[in-house]
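This is what each chain is made of:
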Amino acid sequence: MRSEPQLPLQTAYINDYAMTYTEHGQGTPLVLVHGSLCDCRYWKSQMGPLGRSFRVLAPSLRHYWPQEWDGGPFSVDQHVDDLLAFIETVGEGAAHVVGHSRGARVALEAALREPRRIRTLTLADPGPLAPNPSADDRGGFRQRSLKLIDDGELDAGLALFVDTVSGPDTWRRMVPWFQEMVRDNATTLRGQATEMLNPLSREQIQKLAMPLLLIGGALSPAPYPAVLQTLSEWLPSAHKEVIVGSSHGMNLGNPRAFNSAIENFLI
């Protein structure tokens, strides 16, 4: 995958926190919300192409690079608060929002909490809608990853996490800048491993009234395809796109198809 030029980092003071973000383009704001072990750099293959039609904003969520988790509170609720405040402060009060993986959960809860801030909602491979250890412990991979990291095997722990969510051998095949980004965010895994997610019901989800796009990777492992199928059943009017030849990180694996899916939905 081709590396795009690094955009200058900017800072916005959001809920008493210095939030780092990158920006490209002009027009209606489009906010990209990264997932686990990532940050604003994750979207480098989207900034230029989508910036031809939109003012694209990619924040690093609280405690992610260039900041670092300090052992304090770490939760989806806080990230939802920050995302909504970011849209209000930097995103002109309302924005198109794209969330990937854990970031899709943040975007989804933001849309449920303050729908007036979300012009459209795109969910790319969101995680489970309700805690279900018997269906989604995936061998306790978060705790096993942390154990390896604690034992001084940083890359082995990160490889276990990345390969579990994206498929075997993904870590080894990833480009150096992606691996470096994941290393930079390794401390956030400890905060994420203990956070508790509230279940989201069919009744809650069906209250979403904004245009909605669901995107999945054709090769994404469980539980992502099942989550997208459930959302499709609960939201029959939602658009759905499958990115061929790509797994969970479909915006990097097949950026042209991913970007086209968003552009076709929004334009």
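Look above for the structure.
Cut-offs used in this document
Residues numbered from 1 in each chain as written. Predicted model: local features only at pLDDT ≥ 70, side-chain atom pairs only at ≥ 80, totals over all residues. Heavy atoms only, no water. Buried < 20%, exposed > 50% of the residue type's maximum accessible area, 1.4 Å probe, protein only. Helix = DSSP H or I, 4+ residues; strand = E, 2+ residues; numbered from the N terminus. Arc of directions from axis to C-beta. Contact = heavy atoms within 4.5 Å. Pairing = 2+ DSSP bridges. Right-handed = clockwise from strand over helix to strand, strands pointing away. Core = buried A, V, L, I, M, F, W, Y, C linked by side-chain atoms within 4.5 Å. Salt bridge = Lys/Arg side-chain N within 4 Å of Asp/Glu carboxyl O. Disulfide = S-S within 2.5 Å.

Draft legend 1. Examining helix 5 (residues 141–150) more closely. Buried within helix 5 we find Phe141, Ser145, Leu146 and Ile149. Across the axial projection of helix 5, the buried residues extend over an arc of 135 degrees, all falling on one side. Of the surrounding elements, those touching the buried residues of helix 5 are helix 6 (154–166) and helix 9 (188–193). Just beyond helix 5, the residue with positive phi is Gly152, at close to 90 degrees.

Draft legend 2. Inspection of helix 8 (residues 176–184) at higher detail. Those residues of helix 8 that fall on the buried side of the exposure criterion are Trp177, Phe178, Gln179, Met181 and Val182. Those residues of helix 8 that are buried lie in contact with helix 1 (44–50), helix 6, helix 7 (170–173) and helix 12 (250–253).

Draft legend 3. Focus on the pairing of strand 6 (residues 118–124). With respect to burial, strand 6 is a largely interior element, six of its seven residues being buried. Pairing geometry for strand 5 (residues 95–100) and strand 6, over six bridges, is parallel. Within strand 6, the position partnered with Ala95 by the bridge is Ile118. Note that the unit made of strand 5, helix 3 (residues 102–113) and strand 6 has a crossover that is right-handed. When strand 6 meets strand 7 (residues 212–217), the two strands line up parallel, connected through four bridges. Bridge assignment links Leu123 to a residue of strand 7, and that residue is Leu214.

Draft legend 4. Region of interest: the nonpolar core. Membership of the largest hydrophobic core comes to 45 residues, with the highest contact counts inside it found for Leu30, Leu32, Trp43, Phe178, Ile215 and Phe258. Excluding its chain neighbours within four sequence positions, the residues that come into contact with Phe178 are Cys38, Tyr42 and Leu252. In terms of nonpolar packing, the next biggest core, distinct from the first, is built from 44 residues, Ile14, Val33, Leu200 and Leu228 among them.

Draft legend 5. Spotlight on the pattern of salt bridges. If you walk through the whole model with that rule in mind, you get 17 salt bridges. Here Glu109 ties to Arg105 by a salt bridge, and the two come within 2.6 Å at their closest N and O atoms. On the criterion of helical spacing, the pair formed by Glu109 and Arg105 is a turn pair, its members being four residues apart in helix 3. Each member of the pair, Glu109 as well as Arg105, is classed as buried. Three or more residues joined by partner-sharing salt bridges are found here, namely Glu88, Glu114, Arg116 and Arg117.

Draft legend 6. Expanded view of the state of the cysteines. Here the structure, examined in full by the defined rule, presents zero disulfides. For the unlinked cysteine Cys38, the closest cysteine sulfur is that of Cys40, found at 11 Å.

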